[in-house]
Amino acid sequence: QVQLVESGGNLVQAGGSLRLSCAASGSAFSIGTMGWYRRAPGKQRELVAVITSGGSTNYADSVKGRFTISRDNAKKTAYLQMNSLKPEDTAVYYCNAMASGLIYWGQGTQVTVSS
């Protein structure tokens, strides 16, 4: 079992920055690929960024150049640095992680970008 806890969501003005954290805990020996997804009001959940245990990353086109995903394997924590935020980035951001062949999700953290 793995528990994921996101933090760092907040209200920020357009052009501002936020850093989200996703801390994993539980009995899993190691955490595989971790990712950030988001769900905006009235829209489906979409991929934001993923990072493998080896550090390879992939981003949605809408966030390339503005967001950076990283992780600290020793702390079993993933981060999402979000710069140059836009109102369209407003969403609930969810962390997920693969461990022992299963996918786990966090409860989400709200990011609101005001214009």
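Just so you know, these numbers come straight off a predicted model, no measurement behind them.

Caption draft 1: Representation of the pattern of salt bridges within the structure. Inspection of the entire model under this criterion finds four salt bridges. For Glu46, the salt bridge identified is with Arg38, shortest N-O distance 2.6 Å. Accessibility expressed as a relative area gives 35% for Glu46, which makes it partly exposed. What makes Arg38 buried here is its relative accessible area of 5%. Among the salt bridges present, the one from Arg38 reaches Asp89, with a minimum N-O distance of 2.9 Å.

Caption draft 2: Layout of the environment of Ser25. Following the sequence through the fold, Ser25 ends up in strand β3 (residues 18-26). When the C-alpha positions of Ser25 and Val2 are compared, they lie 5.6 Å apart, and in sequence the two are 23 residues distant. Discounting residues that sit within four places of it in the chain, Ser25 has contacts with Gln1, Val2 and Gln3.

Caption draft 3: Inspection of the pairing of β3 at higher detail. Here strand β1 (residues 2-7) runs beside β3; their pairing, made up of six bridges, is antiparallel. Directly across from Val2, in β3, lies its bridge partner Gly26. Strand direction decides the pairing type here: β3 and strand β8 (residues 77-82), joined by six bridges, are antiparallel. Looking at β8, one finds that Ser21 is bridged to Tyr79.

Caption draft 4: A look at the sheet that holds β8. Pairing is antiparallel in the open sheet, where four strands are placed in the order β1-β3-β8-β7. Each edge of the open sheet is held by one strand with a lone partner, namely β1 and β7 (67-72). Sheet twist, expressed as the average angle between the axes of neighbouring strands with direction ignored, equals 15 degrees. Pairing geometry for β7 and β8, over six bridges, is antiparallel. Within β8, the position partnered with Ile69 by the bridge is Leu80.

Rules and cut-offs
- Every chain is numbered on its own, with residues counted from 1 as its sequence reads.
- Only residues with pLDDT of at least 70 get local features here, since the model is predicted, and only at 80 or more are side-chain atom pairs given and counted; chain-wide, interface and lining totals rely on the full set of residues.
- Note that the side-chain values use all heavy atoms of the structure and ignore hydrogens as well as water.
- Any carboxyl oxygen of Asp or Glu that lies within 4 Å of a side-chain nitrogen of Lys or Arg is treated as forming a salt bridge with it.
- We call a residue buried when its accessible area falls under 20% of the maximum for its residue type, exposed when it is over 50%, and partly exposed in between, using a 1.4 Å probe and counting protein chains only.
- Helix numbers and strand numbers start at the N terminus; a helix is a DSSP run of H or I with at least 4 residues, a strand a run of E with at least 2.
- Between two residues, a contact is recorded if the distance between any of their heavy atoms is within 4.5 Å.
- Strand pairing is defined by DSSP finding a minimum of two bridges between the two strands.
- Lines fitted to C-alpha atoms define the axes, with helix axes restricted to the stretch in contact, and inter-axis angles between N-to-C directions lie between 0 and 180 degrees.

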